[in-house]
Amino acid sequence: MRENIAQLMQQAQKMQENMQRAQEELANLEVTGSAGGGMVNVTLSGRMECRKVRIDPGVLSDPEMAEDLVAAAFNDAVNKVNAQSQEKMSAATAGMPVPPGMKMPF
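Residues numbered from 1 in each chain as written. Predicted model: local features only at pLDDT ≥ 70, side-chain atom pairs only at ≥ 80, totals over all residues. Heavy atoms only, no water.

Rules: UniProt positions are given in the numbering used here, feature names are shortened, and annotations may be inferred rather than shown by experiment.
Under an unreviewed UniProt entry, the name given to the protein chain is Nucleoid-associated protein AB6713_15160, and the organism recorded is Luteimonas salinilitoris. A UniProt comment under Subunit (unreviewed entry) is attached to the protein chain, and it reads "Homodimer." Check the Subcellular location (unreviewed entry) section of the UniProt entry for the protein chain; it says "Cytoplasm, Nucleoid".

Below you can see the structure in the form of structure tokens.
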């Protein structure tokens, strides 16, 4: 019985270290979302901080379209960050079940 508890503790420690490493990788991650065939690009960090926005000058002649494209590019970047975050955290937990409703610490 004690061996099982010790083994569980080692697994939990390893999972915690893996999650810490994954969080550090995510913090350094930069992802670019785009819209309008690349006319608008938004670059976010893994922590959803906006790093860069690039707007093709041709888009600026139609402010409403520019607003829509910026929103779409931002949402594209957010979806990409979320997908990579899920992938990294899934790898960090190495298949160990995470309790339902548990939020990852970032």
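**Considering the sheet that holds strand 2 (residues 40-45)**
To keep things clear, this is the line we draw: Two strands pair under a simple rule: DSSP has to find at least two bridges between them. Think of it this way: any DSSP run of H or I at least four residues long counts as a helix, any run of E at least two long counts as a strand, and we number them from the N terminus. Helix axes use the C-alpha atoms of the stretch in contact, all axes being lines fitted to C-alpha atoms, and the angles between their N-to-C directions lie in the range 0 to 180 degrees.
The strand order 1-2-3 describes an open sheet built from three strands, whose pairing is antiparallel. Both outer strands of the open sheet, strand 1 (30-35) and strand 3 (50-55), are each paired with one neighbouring strand and no more. For this sheet, the mean angle separating the axes of adjacent strands, direction not counted, is 15°. As paired elements, strand 1 and strand 2 share six bridges and run antiparallel to each other. Bridge pairing in strand 2 places Thr32 opposite Thr43.

**Quick notes on unusual backbone geometry**
Of note, the phi angle at Met48 is positive, near 65°, even though the residue is not glycine. Here Met48 is to be found in the loop between strand 2 and strand 3.

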